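Okay, here's what each chain looks like letter by letter:
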Amino acid sequence: MADSKQTAKLTIGDQSYELPIHSPTVGPDVLDIRKLYGQAGVFTYDPGFTSTAACDSTITYIDGEEGVLLHRGYPIDQLAGKSHYLEVCFLLLYGNLPTATELEDFENRVTKHTMLHEQMQYFFRGFRRDAHPMAIMVGVVGAMSAFYHDSTDINDPWQREVASIRLIAKMPTIAAWAYKYHTGQPFVYPRNDLDYASNFLRMCFSVPAEEYEVNPILARAMDRIFTLHADHEQNASTSTVRLASSSGANPFACIAAGIACLWGPAHGGANQACLEMLKEIGSPENIPEYIARAKDKNDPFRLMGFGHRVYKNFDPRATVMKQSADEVLDLLGVENNPVLATAKALEEAALNDPYFAEKKLFPNVDFYSGIILEAMGFPTSMFTPIFALSRTVGWVSQWKEMLTDPQNKIGRPRQLYRGETERDYVDIEKR
C-alpha cells in the first residue's frame, strides 16, 4: 500500500490522532486504523464489517449504487456476453485476458485435471443417499488435502498453481457426482473432448443406458451462470476463505470453508429461495395477490429474486442472464411447467408495475439463474452447489492474491465485550 499524504483527525477526549487516508483506483477513500489501538487504546465497532476494508485487492470492483461490476477492470456484461468461463478464470487468476496460445494451454491444463482420485468415490458412498449435495461438497473438497499432498504447501508458488488448477478442474466433477449420488444414479466420468460447461451437464444428466448429447444453447446458458457468479469481491464466503487462509491452512481446507459459508441461505441460497417463492405462488393467476402482498409493509411476504442487497440501481449481471433465460425457455418451453410459466408472468408484471420501477426492484441474477436451472431439470438442492462450482475461481484468485500480499497477517477481529467482569469462584455447596 502506498503511503498516503492525506490524513483525518480523530479526537477522543482531549487527545487527537492523525489517521492516514488511502485512495483506491476507484471507489471511496479508506481510513487506516491499524495503529489506532496502539496509539489510543480503542477499537472500532463495525458488526458485519460492512464499513471495513480488510485487504488490498486488484481482482474485482463493485459499485452497488451505479450497478457496476468489474473483473480486473472489465465490465461483467462484456465478459458474459463476449467471453466464456475459462477465459474469465484466466483473467481472475492472472490479471489479464489470455492470448490464444495462453488460453489453449490453460484450457488443456484444466481439462487434464477433471478426473478425481478413484478412491474418492468412497467418500461419496459414505454419505446417506438423502444427504444434501452441499454437505457432500464440503466434505469431499476438504478431503482433497488427504489425496493431493503435492499441492498443499502454500509457500511453494508451483504447488499453489497446481492446487488452483485442480480445484477449478475438479469442482464440476465433485458437484456432478454429488448430484448423481443424491439421485441414486451411477457416477459419470468427465470427457476431455467437451468444454467445461458441456462436460458438467453431461456428468449430471447422462446415464449408461443411452447416449447424451449436450444442447449448445443449454451449455452456453450454463457457461454464463458460471461466468456471472465467478467472483463478487469481499463477500461472506470470500472473506471466509481469506480468514481461513490467514492461518496458513491448506488450499482445499480454505475452499471447503468458503463452500460451508456459501451454504447459508442469506448468501448462496438466493436463487433457491426464488424458486421456492414461485412454487408458493403456484400459477400466473395468483400473481396479483402476491404482488399486493409484496407492497404491504405489514405482510411478511417478500418477492425473492428482485432487487439486490448490493446493487441499489440494477444488477449488471441480470441483463445477460435474462437473455440466456429467454433462450432456454424458448428451447424447452414453459407450457407444461407451472413454475416457469409463473416466473415469466411475474417478470412481466413486475417490470410493468410503477411501484417496482420506483423502488428499483428489478429481477436480479438469482431470479434468472433459478429459472434456467429449473428449466434444465436441476432440483433446488443443486442450485447452491452450482454456485459453489462457479465461485471456486474467485475464491482461489483471492486466496492466491492474499498469500502474496506482504501485509498478510492472521485475521483477528476484536469485540465489544458486554459480559460479566471478573468474579470469584463459589464452591457448589454455597451456591
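Values in this document were obtained by computation on a predicted structure and should not be read as measured data.

Here is what the cut-offs are and how they apply
Residues numbered from 1 in each chain as written. Predicted model: local features only at pLDDT ≥ 70, side-chain atom pairs only at ≥ 80, totals over all residues. Heavy atoms only, no water. Pairing = 2+ DSSP bridges. Helix = DSSP H or I, 4+ residues; strand = E, 2+ residues; numbered from the N terminus. Phe/Tyr/Trp six-rings, centres within 6.5 Å; stacked < 30°, edge-to-face > 60°. Buried < 20%, exposed > 50% of the residue type's maximum accessible area, 1.4 Å probe, protein only. Lys NZ or Arg CZ within 6 Å of the ring centre and 35° of its normal. Contact = heavy atoms within 4.5 Å. Polar contact = N/O pair within 3.5 Å; in protein donor to acceptor, adjacent residues only side chain to side chain. Axes fitted to C-alpha atoms, helices over the stretch in contact; angles between N-to-C directions. Parallel < 35°, antiparallel > 145°, perpendicular 65-115°, else oblique. Patch = residues over 30% accessible without salt bridge, like charges linked within 9 Å, V, L, I, M, F, W, Y side chains within 5 Å. Areas by Shrake-Rupley, 256 points an atom, 1.4 Å probe, with all protein chains shown as cover. Salt bridge = Lys/Arg side-chain N within 4 Å of Asp/Glu carboxyl O. Left-handed = near helix turned anticlockwise from the far one by under 90°. Nonpolar A, V, L, I, M, F, W, Y, C, P; charged D, E, K, R; others polar. Core = buried A, V, L, I, M, F, W, Y, C linked by side-chain atoms within 4.5 Å.

A. Main features of the sheet that holds strand 1 (residues 6–12). Spatial strand order, 1-2-3: 3 strands in an open sheet with antiparallel pairing. Taken across any chain shown, the strands that pair with only one partner, and hence form the sheet edges, are strand 1 and strand 3 (30–31). Sheet topology places strand 1 next to strand 2 (residues 15–22); 7 bridges connect them, and they run antiparallel. Pairing of Ile12 across the sheet is with Gln15, part of strand 2.

B. Broad picture of the sheet that holds strand 4 (residues 60–63). With antiparallel pairing, 3 strands are arranged side by side in an open sheet as 4-5-6. One side of each edge strand has no neighbouring strand; the edge strands of this open sheet are strand 4 and strand 6 (74–75). Two strands pair when backbone bridges link them, and strand 5 (residues 68–71) and strand 6 are joined in this way by 2 bridges, in the antiparallel orientation. Looking at the pairing, Leu70 lines up with Pro75 of strand 6.

C. Examining the packing of aromatic side chains more closely. Going through the model one piece at a time under the given rule, you end up with 23 aromatic pairs. Aromatic side chains Phe367 and Tyr368 sit 5.3 Å apart centroid to centroid with 80° between the ring planes, which places their arrangement in the edge-to-face category. In this structure, Phe367 and Tyr368 share a single accessibility class: buried. Counting every residue linked through ring pairs, the aromatic cluster contains Tyr85, Tyr179, Tyr196, Phe200, Phe205, Phe226 and Phe378. We note Arg414 situated over the ring of Tyr37; from NZ or CZ to the ring centre the distance is 5.6 Å.

D. Main features of helix 8 (residues 196–205). Counting buried residues along helix 8, 9 of its 10 residues qualify, which places the element largely inside the surrounding structure. Of the positions making up helix 8, those classed as buried are Tyr196, Ala197, Ser198, Asn199, Phe200, Leu201, Arg202, Met203 and Cys204. Looking at the buried positions of helix 8, the neighbouring elements they touch are helix 3 (85–94), helix 4 (100–111), helix 7 (157–183), helix 9 (216–228), helix 17 (365–376) and helix 18 (383–403). Two or three places before Ala197, at the start of helix 8, stands the capping residue Asp195, its side-chain oxygen 3.1 Å from that residue's backbone nitrogen.

E. Highlighting the packing of helix 12 (residues 270–281) against helix 17. Where helix 12 meets helix 17, the axes come as close as 8 Å, and the angle between the chain directions of the two elements is 70°. Classed by the angle they form, the pair helix 12 and helix 17 counts as roughly perpendicular. Facing helix 12, whose interface residues are Ala270, Asn271, Cys274, Leu275 and Lys279, helix 17 presents Asp366, Phe367, Ser369, Gly370, Ile371, Leu373 and Glu374.

F. Expanded view of the environment of Glu107. As for its placement among the helices and strands, Glu107 is situated in helix 4. Linking Glu107 and Glu87, residues 20 residues apart in sequence, is a C-alpha distance of 8.5 Å. When near neighbours in sequence (up to four residues on either side) are disregarded, Glu107 contacts His84 and Leu86. A polar contact of 2.9 Å, which involves the side chain of Glu107, links it to the side chain of His84.

G. Geometry of a nonpolar patch on the surface. A surface patch of nonpolar side chains, about 220 Å² in accessible area, is lined by Ile217, Leu331 and Leu332. With respect to the helices and strands, Leu332 occurs in helix 14 (residues 318–332). Classification of Leu332 as partly exposed rests on a relative accessible area of 41%.

H. Representation of the packing of helix 9 against helix 14 in the model. Across the interface, helix 9 lies against helix 14 with an axial gap of 10 Å and an inter-helix angle of 155°. Taken together, helix 9 and helix 14 sit at an angle that is classed as roughly antiparallel. Like other packed secondary-structure pairs, helix 9 and helix 14 cross with a definite hand, here left-handed. Contact residues: Ile217, Leu218, Ala221, Arg224, Ile225 and Leu228 in helix 9; Val320, Met321, Gln323, Ser324, Glu327, Val328, Leu331 and Leu332 in helix 14. A class-by-class count of the residues in the contact of helix 9 with helix 14 yields 10 nonpolar, 2 polar and 2 charged.

I. Examining unusual backbone geometry more closely. Even without glycine at this site, Arg72 takes up a positive phi of about 55°. Position of Arg72 relative to the elements: it lies in the loop between strand 5 and strand 6. A relative accessible area of 22% means that Arg72 is categorised as partly exposed. You will see that Glu233, though not glycine, has its phi angle at about 65°, which is positive.

J. Spatial organisation of the nonpolar core. Formed by 111 residues in total, the largest nonpolar core has its most connected members in Phe124, Phe200, Met222, Leu346 and Phe378. Looking at this core element by element, the count peaks at 13 residues for helix 7. Each residue touching Met222, except ones within four places of it in the same chain, is listed here: Ala197, Phe200, Leu201, Leu373, Met376, Phe378 and Ile386.

Nothing here speaks to function; it is all geometry.
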